[in-house]
Amino acid sequence: MANPIYKVIFHNQNQVYELYARAIYQSDMYGFIEVEEFVFGEKAQLVVDPSEEKLKTEFASVTRSYIPMHSIVRIDEVEKEGTGKIVEVKGDKVAKFPFAPPIRHPQDTE
């Protein structure tokens, strides 16, 4: 593939973002991934997806985004771009890393 497209899935404030980009690499800032050249769906589409529109407006003036490594869920190299989306995290199906260890209460040994 001469110009690969990457699907990036990451956590951001109780939401899971899924977006597409052409350039992804490890940042010089320790612990961050740099994402550039965002790819969004065709502007000529008749059906407008509100989730993708929210994503487009959020990243409209962004040329490069630094995403903390611990927020990344997955990065895939794909053949063509799909529809980017933002999904609210409901319940405890997706665990954030790092997470606090469980609180252990002292037990009486008597």
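The structure displayed is predicted, hence computed values, not measured ones.

Calculation notes
- Residues numbered from 1 in each chain as written.
- Predicted model: local features only at pLDDT ≥ 70, side-chain atom pairs only at ≥ 80, totals over all residues.
- Heavy atoms only, no water.
- Salt bridge = Lys/Arg side-chain N within 4 Å of Asp/Glu carboxyl O.
- Helix = DSSP H or I, 4+ residues; strand = E, 2+ residues; numbered from the N terminus.
- Buried < 20%, exposed > 50% of the residue type's maximum accessible area, 1.4 Å probe, protein only.
- pLDDT = per-residue confidence, 0-100.
- Polar contact = N/O pair within 3.5 Å; in protein donor to acceptor, adjacent residues only side chain to side chain.
- Contact = heavy atoms within 4.5 Å.
- Core = buried A, V, L, I, M, F, W, Y, C linked by side-chain atoms within 4.5 Å.
- Pairing = 2+ DSSP bridges.

Caption draft 1: Representation of the pattern of salt bridges in the model. In this structure the tally under the stated criterion is three salt bridges. Between Glu36 and Arg64 there is a salt bridge; the shortest N-O distance is 2.3 Å. Taken together, the residues span a long stretch of sequence, with Glu36 in strand 3 (residues 32–39) and Arg64 in strand 4 (residues 64–68) at a distance of 28 residues. Note on Glu36: relative accessible area 13%, which makes it buried. By relative accessible area, Arg64 is classed as partly exposed at 38%. We note a salt bridge from Asp76 to Arg74, for which the minimum N-O separation is 2.9 Å. Accessibility expressed as a relative area gives 19% for Asp76, which makes it buried.

Caption draft 2: Expanded view of the confidence of the model for the protein. Here the protein averages 80 in pLDDT, while 76% of its residues score no lower than 70. Here helix 1 (residues 50–58) is the element of the protein with the lowest mean pLDDT, 78, and strand 4 is the one with the highest, 92.

Caption draft 3: Highlighting the side chain of Glu34. Along the chain, the position of Glu34 falls in strand 3. Glu34 sits in the buried class, given a relative accessible area of 7%. Polar contacts involving the side chain of Glu34 include one to the side chain of Ser27, which spans 3.1 Å. Glu34 has contacts with Ala23, Ile24, Tyr25, Ser27, Asp28, Arg64, Ser65 and Tyr66, leaving out every residue within four places of it along the chain.

Caption draft 4: View of the nonpolar core. Val8, Phe10, Tyr17, Leu19, Val35, Leu55 and Phe59 are the most contacted members of the largest nonpolar core, which totals 13 residues. Going through the elements one at a time, strand 1 (5–11), strand 2 (15–26) and strand 3 are the ones with two or more residues in this core. Top element by residues in this core is strand 2. It accounts for four residues. Not counting the four nearest positions on each side in its chain, Val35 is found in contact with Leu19, Ala21, Ala23, Ile24, Thr63, Arg64, Ser65 and Ile67.

Caption draft 5: Seen up close, the pairing of strand 3. Most of strand 3 is tucked away: six of the eight residues are buried. Bridge count for strand 2 against strand 3 is six bridges, and the pairing is antiparallel. Across the sheet, residue Ala21 finds its bridge partner in strand 3, namely Phe38. A loop of five residues connects strand 2 with strand 3, the two strands running antiparallel in sequence, and Gly31 in this loop sits at a positive phi of about 90 degrees. Looking at chain direction, strand 3 and strand 4 are connected through five bridges and run antiparallel. By the bridge assignment for strand 4, Glu36 is matched with Arg64.

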